[in-house]
Amino acid sequence: MDNKNMPIGFFDSGVGGLSVLKEALKIMPNEDYIYFGDSKNAPYGMKSAKEVRDLTFKAVEILLDKGVKGVAIACNTATSAAVSELRKVYPDLPLVGIEPALKPAVELNNEGDILIMATAMTLKEEKFKRLMERYKERASIIPVPCPGLMEFIEEGKFQGEEIENYLLEKINTYKKDKIAAIVLGCTHYPFIKETLINIVGKDVDIIDGGLGTAKELKRRLNDKRLLTDSVNKGKVEIINSSNKKESVELSYRLLMGD
Ligand code: DGL
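Quantities reported herein were computed from a predicted structural model and do not represent experimental measurements. Residue numbers here run from 1 along each chain, matching the order of that chain's written sequence. Reporting in this predicted model follows two pLDDT cut-offs: at least 70 for local features of residues, and 80 or more for side-chain atom pairs to be given and counted; totals over whole chains, interfaces and linings ignore these cut-offs and use all residues. In computing side-chain values, all of the structure's heavy atoms are included and hydrogens and water are not.

S.K.: So what about the side chain of aspartate 38? Which residues, and what values?
M.R.: Only DSSP runs of H or I covering at least 4 residues are called helices, and only runs of E covering at least 2 are called strands; the numbering of each starts at the N terminus. If you trace the backbone, aspartate 38 turns up in the loop between strand 2 (33-37) and helix 2 (49-65). Only protein chains enter the accessibility calculation, which uses a 1.4 Å probe; a residue is then buried when its area is under 20% of its type maximum, exposed when over 50%, and partly exposed in between. For the purpose of charge, His is not counted, nor are the chain termini; Lys and Arg are scored as positive and Asp and Glu as negative. Salt bridge, as used here, is a side-chain nitrogen of Lys or Arg placed within 4 Å of a carboxyl oxygen of Asp or Glu. In this structure, aspartate 38 is buried with no salt-bridge partner, the nearest side chain bearing the opposite charge being lysine 40 at 6.4 Å. Contacts described as polar in this section are N or O atom pairs within 3.5 Å, which, within protein, must combine one atom able to donate a hydrogen with one able to accept it, while residues neighboring in sequence count only if both atoms come from side chains. At 2.9 Å, the side chain of aspartate 38 forms a polar contact with the side chain of asparagine 41. At 2.5 Å, the side chain of aspartate 38 and the side chain of tyrosine 44 are in polar contact. In contact with aspartate 38, not counting residues within four places along its chain, are Phe11, Asp12, Ser13, Gly14, Tyr44, Leu55 and Ser241. Throughout, a residue-residue contact means that at least one pair of heavy atoms, one from each residue, lies within 4.5 Å.

S.K.: Lay out the site of the ligand in plain terms, naming residues and giving numbers.
M.R.: Put simply, a residue is near a molecule or strand once any heavy atom of it comes within 4 Å of that molecule or strand. Close to the ligand lie 13 residues, the nearest being Ser13, Tyr44, Thr77, Thr187 and His188. Taking tyrosine 44, its main chain carries an N or O atom lying 2.6 Å from an oxygen atom of the ligand. For the ligand, an oxygen atom lies 2.6 Å from a polar atom in the side chain of threonine 77. The method behind every accessible area is Shrake-Rupley, applied with a 1.4 Å probe, and residues are considered shielded solely by the protein chains displayed. When the ligand is considered free in solution it has 300 Å² of accessible area, and contact with the protein chains removes 99% of it. Classification convention: Asp, Glu, Lys, Arg as charged; Ala, Val, Leu, Ile, Met, Phe, Trp, Tyr, Cys, Pro as nonpolar; all other residues, Gly among them, as polar. Here the shell around the ligand is composed, by residue class, of 5 nonpolar, 7 polar and 1 charged.

S.K.: Residues and numbers for the environment of phenylalanine 11, please.
M.R.: The residue phenylalanine 11 is located in strand 1 (residues 8-12) in this model. As for phenylalanine 11 and serine 230, which are separated by 219 residues in sequence, their C-alpha atoms are 23 Å apart. Look past the residues within four positions of phenylalanine 11 in its chain and what remains in contact with it is Phe36, Asp38, Tyr44, Thr56, Ala59, Leu63, Ala72, Ile73, Ala74, Cys75 and Ala78.

S.K.: Any chance you could break down the sheet that holds strand 1 for me, citing the residues and the numbers?
M.R.: Pairing between two strands requires that DSSP report at least two bridges joining them. What the 5 strands build is an open sheet, ordered 4-3-1-2-9; its pairing is parallel. Because the sheet does not close on itself, it has two edges, and the strands there are strand 4 (95-96) and strand 9 (236-240). In this sheet, strand 3 (residues 71-73) lies alongside strand 1 in parallel orientation, the contact comprising 3 bridges. Bridge pairing in strand 3 links glycine 9 to valine 71.

S.K.: Report on the nonpolar core, specifying residues and quantitative values.
M.R.: The biggest cluster of nonpolar side chains holds 46 residues, and the ones touching the most others in it are Phe10, Leu18, Met117, Leu149, Leu167 and Ile182. Grouping buried Ala, Val, Leu, Ile, Met, Phe, Trp, Tyr and Cys residues that are joined through side-chain atoms within 4.5 Å yields what is termed a nonpolar core. Ranked by size, the runner-up nonpolar core spans 25 residues in total, among them Ala49, Val68, Leu86 and Ile239.

S.K.: Please give an account of the side chain of threonine 228 that cites residues and values.
M.R.: Along the chain, the position of threonine 228 falls in the loop between helix 10 (210-223) and strand 9. Reaching out from threonine 228, the side chain makes a polar contact with the side chain of asparagine 5 at a distance of 2.4 Å. At 3.0 Å, the side chain of threonine 228 forms a polar contact with the backbone nitrogen of serine 230.

S.K.: For helix 10, give the residues involved together with the corresponding values.
M.R.: Working rule for helices: expected span equals 1.5 Å times residues minus one. Here helix 10 contains 14 residues, and its C-alpha end-to-end distance of 20 Å stays within 8% of the 20 Å for a straight helix at 1.5 Å per residue. Residues of helix 10 that are buried include every one of Gly210, Thr213, Ala214, Leu217 and Leu221, and no others. Looking down the long axis of helix 10, one finds its buried residues gathered within 100 degrees of arc, a one-sided arrangement. At its buried positions, helix 10 is contacted by strand 1, helix 1 (18-27), strand 3, strand 4 and strand 8 (205-208). Directions pointing from the helix axis toward each C-beta atom define the arc.

S.K.: Explain unusual backbone geometry residue by residue, including any values.
M.R.: With an omega of 0 degrees, the peptide bond running from alanine 42 to proline 43 counts as cis. Along the chain, the position of proline 43 falls in the loop between strand 2 and helix 2. Its identity as a non-glycine residue notwithstanding, asparagine 109 has a phi of 55 degrees, on the positive side. Among the secondary structure elements, asparagine 109 is positioned in the loop between helix 4 (102-107) and strand 5 (113-118). Residue class for asparagine 109 comes out exposed when judged on its relative accessible area of 62%.

Take a look at the structure:
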């Protein structure tokens, strides 16, 4: 097959990266995609950086074996642990990662604190520290580690008392009128955005990096003349390391939902 008509690989620790794939489908609808979710080994956020790096390398190999022309690491945690190593090992591969979308949040210039919701690992890693460093003069940035939150989404729970209580406990510490914006620094969290809005109100800006990452992926593929020339809508194949058929079913549901 012509290189440009090979599929694009997407990877996340579970179903979260589908929030990024959804954005990619909007701007590159004619591409084919293979999505690999590693739900069997999730959550990544509580593992060591080395464990996450090894799992991420394995996932990229799985996608490359399937013949992908480029890879999106649609997981903030895996990106912080592995993306620079991956670039060294695969220098010619169009590869994008995702990091908490702090820049657009700072550029809103809203009064108050910017809350960054992410996994404990993302917030602990060097990559995030450098990001904070870049913006700390311009904004008050508060990292909010959310252990246990991605598990709700992996179980297909997006609303209800349990998740509301979880979010209330996280957010209630901060006065609503003092929140400048909330950055969803984990690709699972856009799926509970509506529930979060119910808690903080619709006037708080809630930002994620899905579209920015999809645009960066498109740019990198275009630079290598690797965008498809197909005029037909592409297809999405979803694979998941967990043997449960529910994980794949949930993935298609998340992809179809609006
Ligand atoms: N979806 C992942 C992220 O963007 C993390 C979830 C996890 O495995 O802990 O960080």
